[in-house]
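Chain residues, written in single-letter form:
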Amino acid sequence: MTLLSSHSMLKELTLTNVSVGYDGGAVVKNASFQLMEGQIGCLLGPSGCGKSTLLRAIAGFESLMTGEICVDDQVISSQTISVNPEHRHIGMVFQDIALFPHLTIAQNIAFGLSAWPKEVAQQRVMYLLDLVGLTGFQARYPHSLSGGQQQRVALARAIAPKPKLLLMDEPFSGLDAKLREELVPDIRAILQHEKMSALLVTHDQMEAFAMADQVSVMDAGVIHQTGSPYQIYHRPETRFVASFIGHGDFLPATVCGPDCVHSDLGNIRGELHHGFADHALVDLLVRPDDILHDDDSEFVGVIVSKWFRGSHFLYRVKLSSGKVVYCFASSHHNHAVGQEIGLSVHLDHLVMFQRQ
Ligand code: ADP
Ligand code: MG
């Protein structure tokens, strides 16, 4: 049996053509990505797309149909190799926090430290209590803590034995939005402070953006793209990624040169990313931040609906062609539905796909 060296940091996690399934049917198909030391990765996709299945395969609870999973240079899963979950030095945090109700907070955090010398373990517990902002809570029981505090304890318990990698399956989805907004950056800071490599599973892109250095967007068992939050928002490589991430519309357009595309928004010049030939018929991705309200512009549209977002308005405006697009306006520009407003177009990088 292979045993990974313990208490050393992960250099990299590498998945190569990993397929996982139940009863012969693949639920995750040919998944490949790499997570480097100290990085926080994320599997982002709609419910049922196979995120938890892939996470469980990394933890060693599902066997592989194809491919391999390596930690550093060592294969931990393949069709023939499967390192025991308890020998992988991988920590896990789940949505249902599942602290032990009959153990104190200190005992919960110390749970994975039974093999440590008592004093060292105690020091580690105190250090972690401080790290997650719960100094003084050591003698309390889980039921007397709020949901957010319990989730911090769950995190402390998972990282206590210094795992090489922390896996988190929708750890924030049981918490209300406000609490989540506070907790997510805190947890990111804690993981970074500990230089802990982690992989988060979520269906919530805002959570993915706030937490992860690297996001893998999944749909129906397939990883469509792995990249930084900025890359997957601004440089989506597939139509699914373009429509799943953020708001946007596709406008029919025609390529009119090496750096030019023509659509209802006129001729737009910018970097073309998909290598389409001249005159190719494409769908151009237009995001809300690509079209700004501008009183001085002669290019206009009619407001069909609006949302007040506090810092700004998000309008839906109908162009003369009948196409409807999003438009951003600062929150002082409060216009009525039915009103015609000036628009200025700010598409820098042109994202387009073959016309459907
Ligand atoms: P996600 O975490 O993205 O919501 P899952 O990995 O939980 O998705 O599930 C992916 C697919 O695999 C779903 O269709 C689900 O019904 C199926 N599935 C999950 N767990 C099992 C299981 N133990 N046995 C059979 N099918 C399963
Ligand atoms: Mg899941």
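- Naming follows an unreviewed UniProt entry, where the protein chain appears as ABC transporter ATP-binding protein of Marinomonas arctica.

### Regarding the environment of Ile76
Now for step 1: Inspection of the secondary structure assignment puts Ile76 in strand E5 (residues 74-77).
Now for step 2: A C-alpha to C-alpha distance of 24 Å links Ile76 and Thr202, two positions 126 residues apart in sequence.

### Here's the deal with the domain arrangement of the protein chain
The extent of an interface is frequently quoted as the accessible surface area lost upon association of the parts.
Now for step 1: Split by domain assignment, the protein chain resolves into domain 1 (11-242) and domain 2 (248-354).
Now for step 2: Facing 10 residues of domain 1, the contacting portion of domain 2 comprises 12 residues.
Now for step 3: The contact between domain 1 and domain 2 buries some 960 Å² in all, and 47% of this surface belongs to carbon and sulfur atoms.
Now for step 4: By the criterion of area lost to domain 2, the three top residues of domain 1 are Tyr233, Arg235 and Arg239, representing 57% of everything that side buries.
Now for step 5: Linking domain 1 with domain 2 are one salt bridge, by the criterion used here.
Now for step 6: Between Asp283 and Arg239 there is a salt bridge whose closest N-O contact spans 2.7 Å.
Now for step 7: Across the contact surface, domain 1 and domain 2 share seven residue pairs in polar contact (both at pLDDT 80 or more).

### Let's talk about the pattern of salt bridges
Now for step 1: Within the structure shown, the criterion is met by 11 salt bridges.
Now for step 2: One salt bridge in this structure joins Arg180 and Asp204, with 4.0 Å as the shortest N-O distance. Residue Arg180 is located in helix H5 (residues 177-193), and its partner Asp204 is located in the loop between strand E8 (197-202) and helix H6 (205-211); the two are separated by 24 residues in the primary sequence.
Now for step 3: Where salt bridges share partners, they join Arg180, Asp204 and Glu207 into one cluster.

### With respect to the confidence of the model for the protein chain
Now for step 1: Across the protein chain, pLDDT averages 92, with 97% of residues at or above 70.
Now for step 2: Residue range residues 1-6 is modelled with pLDDT below 50. Its contacts to residues more than four positions away, or to other chains, number 17 contacts.

### Quick word on the site of ligand 1
Now for step 1: The full set of residues close to ligand 1 is Tyr22, Val27, Pro46, Ser47, Gly48, Cys49, Gly50, Lys51, Ser52, Thr53 and Arg56.
Now for step 2: One of the backbone nitrogen or oxygen atoms of Cys49 is found 3.2 Å away from an oxygen atom of ligand 1.
Now for step 3: One of the side-chain N or O atoms of Thr53 is found 2.5 Å from an oxygen atom in ligand 1.
Now for step 4: With the chains in place, 56% of the 560 Å² that ligand 1 exposes on its own is no longer accessible.

### Let's talk about helix H1 (residues 51-59)
Now for step 1: With respect to burial, H1 is a largely interior element, seven of its nine residues being buried.
Now for step 2: Regarding H1, the residues found buried are Lys51, Thr53, Leu54, Leu55, Ala57, Ile58 and Ala59.
Now for step 3: Phi turns positive one or two residues past the end of H1, at Gly60, with a value near 100°.

Thresholds applied
Residues numbered from 1 in each chain as written. Chains lettered and ligands numbered in written order. Predicted model: local features only at pLDDT ≥ 70, side-chain atom pairs only at ≥ 80, totals over all residues. Heavy atoms only, no water. Helix = DSSP H or I, 4+ residues; strand = E, 2+ residues; numbered from the N terminus. Domains from an automatic or database assignment. Contact = heavy atoms within 4.5 Å. Buried area = accessible area lost by both parts, 1.4 Å probe. Salt bridge = Lys/Arg side-chain N within 4 Å of Asp/Glu carboxyl O. Polar contact = N/O pair within 3.5 Å; in protein donor to acceptor, adjacent residues only side chain to side chain. pLDDT = per-residue confidence, 0-100. Near = heavy atom within 4 Å. Areas by Shrake-Rupley, 256 points an atom, 1.4 Å probe, with all protein chains shown as cover. Buried < 20%, exposed > 50% of the residue type's maximum accessible area, 1.4 Å probe, protein only.

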